[in-house]
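In case you want the letters, here they are:
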Amino acid sequence: MTAVTDQDHTERAGDAVSGDAVQGEVASGGAVSEDQQGRVEEPESEGEADSSGEAEHARVEGVEGMGDVRGAKDVEGAEGGDGRSDRGSGSGRADAGPGHAREEAARVRDEAGRARGEGGRVREEAGRARGEGGRVREEAGRARGDVVEAPGGPADGDSADSWDDGLIARRVTAETEQAAVVEARGHNAPPAAPLAYDGPLRSRLDALRELIGLSRTRLDSRTLAEAGQVLDEAAARRRLSGQHTVVAIAGATGSGKSQLFNTLAGVAISETGVRRPTTAAPIACSWSDGSASLIERLGIPPRLRRRPLQSAESEAQLRGLVLIDLPDHDSAAVQHREHVDRILALVDAVIWVVDPEKYADAILHERYLRPMAGHAEVMFIVLNQIDRLPGEAAEQVLDDLRRLLDEDGIALGEYGEPGATVLALSALTGDGLGELREALGQFVAERGAPARRIAADVDAAAWRLRPVYATGRRTGLSEEARDDFAARLADAVGATAAGEAAERAWLRNANRACGTPWLRLWRWYQDRREPPTGRLPLRAQPDEEATARQRVEQAVRTLADRASAGLPAPWAQAVREAAVRGSQGLPEALDELTARAGLPPGRPPRPGWWPAAVLAQASMTLLQVVGGLWLVGQIVGVMAPNLGVPVLLMVAGIIGGPLVEWSCRMAARGPARRYGVEAERRLREAASGCGRARVLDPVAAELLRYREVREQYGRVVGVG
């Protein structure tokens, strides 16, 4: 009220100065003294003064200047007289002579010309006084805290009919200023208690923070950007007042949201009309003190902050409400839509205002309602302008609106179920407005909207992260896959062939120790006489190495495919990369292990029965030799003829030697087989250990990290 009075006072003072100056110009005479001119310019140098006092001072000086102009006119008229008196200064002193009178008249004419110029300057200074008064009030209001720019400020200095900033949402008039009280009590109000989240919500936020930390090295920053923004906004909202609920009113062009905003506030705050767009910048209206930090978070300047009409009933019902009137979400101006999108991401709740013509608009449903379906508990959908619908048409439109909301996936808060509140009203006639006030008052009194909004944001972020954390398929590396990988590596290093070679080596050693000398001599002779034709050529060493490398690479690829099966794309890629990194240098490492874990140098170990077998074979050979020599002695005549004994000895040696050899061979199969199996086992274990250290362990580490983030994701969505 004070601001309006000062502005009117300043304008009247400026008009007085302008009128007197014009009269001075018509009179073509008079002068404004230098002392008076200094007092007129005083408001420009003394910006701290009150605007009303400056304007009044300018008016008084203009009046005094007018008096001097009238005096100058009297003197000029006296120039054609007898020259006996000078009334220009009003002192009544006598004239010294005609020459002096003419000189005085010329001086008065010069002063009159200067007076005409000074009259325009006085008008300019009066305008400056009005602008300076507005600036002083604005600076004083900013020092108090939450400020509303009063009329007569910089925006109104040039014209009483100018708008705040072109397409600004409202123009403050004297009538509006009487109702829209400046929020001057904010600096005296105690700081509001910060918002406190309940245990489950804090646990979900902590899990989301841990989830982002575990995923930074596996997921790109753009994927985690939304979740990080949710954490930032949750932390920022937690530091602010928990006793206030910020509710935005959003709607399409011509839906009547600004009219509803004014009706709830009880005063014409936001400009309404047929001009589109009408609301160009968001306007805030707070029903209680202590909401300045919340409004600053929305980026709404002090000049666009208002207070509702002071009413005990309204303050008691809507205490703690901070209402925001947004520009049109379908505005042709890009900046308006940016305001809407930015503030909708920060408010605690939103009232969507639709009208009977555009309630099914695709832009509203596809761009806003459908993506915000998870925020149903903090949404109001209001069908406005029902006064335009005849009969039962309002109920039919409301039912169709509910159908569209159900198709969008928005839960409706009916029959005690949590969800969006759907109402029908007329902001023009007030029909249904009481129901909205009651629902809004109960909603604000619960003080739970900020936490529900943050919980819905966490749900939305978790749903968008679902493709990179959950696939619905069983994941992991089975024992079968591990065993298959070890078997492929063993085949690559030739573990089976090495075991068979060890077995053959053990049998050859047994044959050398237990076989008859005649048979070993015959085999040696056969080997010497057999031509090399018909034998399979031995594979060259480079071919063997190439084949072994290909087998190792195939084993690694197979393992990576099995381990990454069912994983989300980023984690499957991480598993494959870990397997590829481990496979580098794996063939060379397997070759070294094969050389160390192959057949031991020297002969294979012999069992305990080998000396007895060797002694028996030697005895059989000795019997053959003794029997043969005995027969030779009889033939020569050295010994008495007796064919029975020497023949018996020779037959025993000839039959007994192969029999001992065959017995030893049969007895050596078991030890030879065990020896070959042991050699194969050592090589398999060596290959498996090398593959586990280089490939399996890194792959298992990636799978373990994925299981950890999967558990954290379960906590975020409220499952774990």
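All figures in this text were calculated on a predicted structure; none of them were measured in a lab. Per-chain numbering applies: the sequence of each chain, read as written, is numbered from 1 onward. Confidence filtering applies because this is a predicted model: local features only for residues at pLDDT of at least 70, side-chain atom pairs given and counted only at 80 or more, and all residues used for totals across whole chains, interfaces and linings. Side-chain metrics in this entry use all non-hydrogen atoms of the structure; hydrogen atoms and water are not considered.

1. Let's talk about the overall build of the chain
To qualify as a helix, a DSSP run of H or I must reach at least 4 residues; to qualify as a strand, a run of E must reach at least 2; elements of each kind are numbered from the N terminus. Across its full length, the chain holds 23 helices and seven strands. When each of the 720 residues of the chain is scored for burial, the buried share is 45%. Two residues qualify as a contact provided that any one of their heavy atoms is within 4.5 Å of a heavy atom in the partner residue. Taking as baseline every contact in the chain between residues at least 6 positions apart, the subset at least 24 positions apart corresponds to 78%. As displayed, the chain has an accessible area near 36,400 Å², and 53% of this comes from carbon and sulfur atoms. Relative accessibility under 20% of the residue-type maximum defines a buried residue, over 50% an exposed one, and the middle range a partly exposed one, all with a 1.4 Å probe and only protein chains included. In these tables, accessible area is a Shrake-Rupley quantity obtained with a 1.4 Å probe, and a residue counts as shielded only by the protein chains included in the view.

2. Re the pattern of salt bridges
Just to be clear on terms, a salt bridge is a Lys or Arg side-chain nitrogen sitting within 4 Å of an Asp or Glu carboxyl oxygen. The full count for this structure, using the stated rule, is 28 salt bridges. Two residues, Asp 220 and Arg 222, come together in a salt bridge whose shortest N-O distance is 3.9 Å. For Arg 452, the salt bridge is made with Glu 377, and the minimal N-O distance between the two is 3.9 Å. Of this pair, Arg 452 sits in helix H15 (residues 449–465) while Glu 377 is found in the loop between helix H12 (362–369) and strand S6 (379–383), placing the two residues 75 residues apart along the sequence.

3. Here we look at the packing of helix H8 (residues 257–265) against helix H14 (residues 433–445)
All axes are obtained by fitting lines to C-alpha atoms, using only the stretch in contact for helices, and the reported angles, taken between N-to-C directions, cover 0 to 180 degrees. The geometry of H8 relative to H14 is characterised by a closest axis approach of 11 Å and an angle of 70° between their N-to-C directions. As judged from the angle between their axes, H8 and H14 are roughly perpendicular. Along the contact surface, H8 presents Leu 260, Thr 263 and Leu 264, while H14 presents Leu 433, Leu 436, Arg 437 and Leu 440. Looking at side-chain class alone, the contact of H8 with H14 contains five nonpolar, one polar and one charged residues. For this classification, under 35 degrees means roughly parallel, over 145 means roughly antiparallel, 65 to 115 means roughly perpendicular, and everything else is oblique. Amino acids are sorted into nonpolar (Ala, Val, Leu, Ile, Met, Phe, Trp, Tyr, Cys and Pro), charged (Asp, Glu, Lys and Arg) and polar (every other residue, Gly among them).

4. Observations regarding the sheet that holds S6
Between any two strands, at least two bridges found by DSSP are needed for them to pair. Sheet architecture is open: seven strands sit in the order S3-S2-S4-S1-S5-S6-S7, paired in mixed fashion. The open sheet has two edge strands with one neighbour each: strand S3 (305–306) and strand S7 (421–424).

5. Here we look at the nonpolar core
Core analysis: the biggest nonpolar cluster contains 74 residues, and Ile 324, Trp 352, Met 379, Leu 401 and Leu 436 have the highest contact counts within it. Top element by residues in this core is helix H13 (residues 393–407). It accounts for seven residues. When residues no more than four places from it in sequence are discounted, the contact partners of Leu 436 are Leu 260, Leu 264, Phe 380, Val 382, Leu 423 and Leu 425. Membership of the second largest hydrophobic core comes to 60 residues, among which are Ile 212, Val 458, Leu 465 and Leu 683. Here the nonpolar core consists of buried residues drawn from Ala, Val, Leu, Ile, Met, Phe, Trp, Tyr and Cys, with membership extended through side-chain atoms lying within 4.5 Å.

6. Examining the side chain of Ser 564
Structurally, Ser 564 is set in helix H19 (residues 541–564). A relative accessible area of 4% means that Ser 564 is categorised as buried. Any N or O atom pair separated by 3.5 Å or less is treated as a polar contact, with the protein-specific requirement of one donor-capable and one acceptor-capable atom, and with residues adjacent in sequence counted only for side-chain atom pairs. Looking at Ser 564, its side chain comes within polar contact range of the main-chain oxygen of Ala 560, at 2.7 Å. Setting aside chain neighbours within four positions, we find Ser 564 in contact with Ala 572, Val 575 and Arg 576.

7. Brief notes about the packing of aromatic side chains
Within 6.5 Å between ring centres, the rings of Phe, Tyr and Trp (the latter by its six-membered ring) count as paired, and their orientation is classed by plane angle as stacked under 30 degrees, edge-to-face over 60, tilted in between. All chains considered together, the criterion is met by five aromatic pairs. Seen in terms of ring centroids, Tyr 469 and Tyr 713 are 5.5 Å apart; in terms of plane orientation they differ by 25°. Their pairing is stacked. Of the two residues, Tyr 469 sits in the loop between H15 and helix H16 (479–493) while Tyr 713 sits in helix H23 (residues 644–716), which places them 244 residues apart along the sequence. Through a chain of ring-to-ring contacts, the aromatic side chains of Tyr 469, Trp 571, Tyr 706 and Tyr 713 assemble into a single cluster.

8. A look at the packing of H16 against H23
Running from N to C, H16 and H23 point in directions that differ by 130°, and their axes come no closer than 9 Å. Relative to H23, the element H16 is oriented oblique. Once H16 is placed against H23, the crossing between them reads as right-handed. Seen from H16, the contacting residues are Arg 482, Phe 485, Ala 486, Ala 487, Leu 489, Ala 490, Asp 491 and Val 493; seen from H23, they are Leu 683, Arg 684, Ala 687, Ser 688, Gly 691, Val 695, Leu 696 and Ala 700. Residues that form the contact of H16 with H23 fall into these classes: 11 nonpolar, two polar and three charged. The sense of a crossing depends on the near helix, which, turned anticlockwise from the far helix by less than a right angle, makes the crossing left-handed and, turned clockwise, makes it right-handed.

9. Brief notes about the pairing of strand S4 (residues 321–325)
In the case of a regular strand, side chains alternate between the two sheet surfaces. Counted residue by residue, S4 has five buried out of five residues, so it is predominantly covered. Neither face of S4 is open: one carries Leu 321, Leu 323 and Asp 325, the other Val 322 and Ile 324, and all of them are buried. In this structure, strand S1 (residues 245–251) lies alongside S4, joined through five bridges in parallel fashion. Residue pairing for S4: Val 247 is matched across the bridge by Leu 323. Pairing between strand S2 (residues 283–286) and S4: four bridges, direction antiparallel.

10. Thoughts on the layout of surface pockets
The space that makes up the second largest pocket amounts to roughly 470 Å³. Residue lining of the second largest pocket: 16 residues in total, with Glu 226, Ala 345, Arg 453, Asp 457 and Arg 464 positioned closest to the centre. Elements with a contribution of two residues or more to the lining of the second largest pocket: helix H7 (221–238), helix H11 (334–344), H12 and H15. A class-by-class count of the residues in the lining of the second largest pocket yields seven nonpolar, two polar and seven charged. Definitions used throughout: a 1 Å grid over protein atoms alone; a cavity as a set of points that fits a 1.4 Å probe which cannot get out; a pocket as an open set with protein on both sides within 12 Å along at least five of seven lines; a lining residue as one with an atom within 4 Å of a point. Grid points are joined across faces, edges and corners, and a volume is the space filled by probe spheres set on the points.

11. What to know about H12
Burial in H12 covers these residues: Leu 364, His 365, Tyr 368 and Leu 369. Along the axis of H12, the buried positions cluster into a sector of 110°, meaning they face one direction only. The elements touched by buried residues of H12 are H11, strand S5 (349–354), S6 and H13. Of all possible arcs, the one meant is that of the directions from the helix axis to the C-beta atoms.

12. Structural notes on the side chain of Asp 457
With respect to the secondary-structure elements, Asp 457 resides in helix H15. Its relative accessible area of 14% is what places Asp 457 among the buried residues.

13. Regarding the pairing of S1
Burial within S1 is extensive, with seven of its seven residues counted as buried. Direction of pairing for S1 relative to S5: parallel, over a ladder of five bridges. Within the sheet, the bridge partner assigned to Ala 248 lies in S5 and is Val 350.

14. Structural notes on the environment of Glu 366
Checked against the element boundaries, Glu 366 lands in helix H12. Sequence separation between Glu 366 and Asp 408 is 42 residues; the distance between their C-alpha atoms is 8.3 Å.

15. Describing unusual backbone geometry
A positive phi angle is found at Gln 385, which is not glycine, with a value near 65°. In this structure, Gln 385 sits in the loop between S6 and H13. Notably, Arg 447 is not glycine yet its phi reads approximately 60°, a positive angle. Relative to the helices and strands, Arg 447 resides in the loop between H14 and H15.

16. Let's talk about a nonpolar patch on the surface
A cluster of nonpolar side chains, contributed by Val 632, Ile 635, Val 636, Val 638 and Met 639, occupies part of the molecular surface with about 520 Å² of accessible area. Relative to the assigned elements, Val 636 resides in helix H22 (residues 610–636). Given a relative accessible area of 61%, Val 636 falls into the exposed group. Like-charged residues are merged into a patch within 9 Å and nonpolar side chains (Val, Leu, Ile, Met, Phe, Trp, Tyr) within 5 Å, provided each residue has over 30% relative accessible area and no salt bridge.

17. Points about the environment of Ser 688
Following the sequence through the fold, Ser 688 ends up in helix H23. Spatially, the C-alpha atom of Ser 688 lies 6.9 Å from that of Leu 489, the residues being 199 residues apart in sequence.

18. Regarding the confidence of the model for the chain
In this model, the chain carries a mean pLDDT of 74, and residues with pLDDT of at least 70 account for 67%. Confidence drops under a pLDDT of 50 for residues 1–101, and excluding neighbours within four residues, the segment shows 143 contacts in the predicted structure. Here residues 532–540 is a poorly scored stretch, pLDDT under 50, and it has two contacts once near neighbours within four places are set aside; other chains count. Every residue carries a pLDDT, the predictor's confidence in it, which falls somewhere between 0 and 100.

19. A look at the environment of Ser 426
Secondary-structure assignment places Ser 426 in the loop between S7 and H14. In this structure the C-alpha to C-alpha distance between Ser 426 and Ile 386, which are 40 residues apart in sequence, comes to 5.5 Å. Not counting the four nearest positions on each side in its chain, Ser 426 is found in contact with Asn 384, Gln 385, Ile 386, Asp 387 and Asp 431. Looking at Ser 426, its side chain comes within polar contact range of the side chain of Thr 429, at 3.0 Å.

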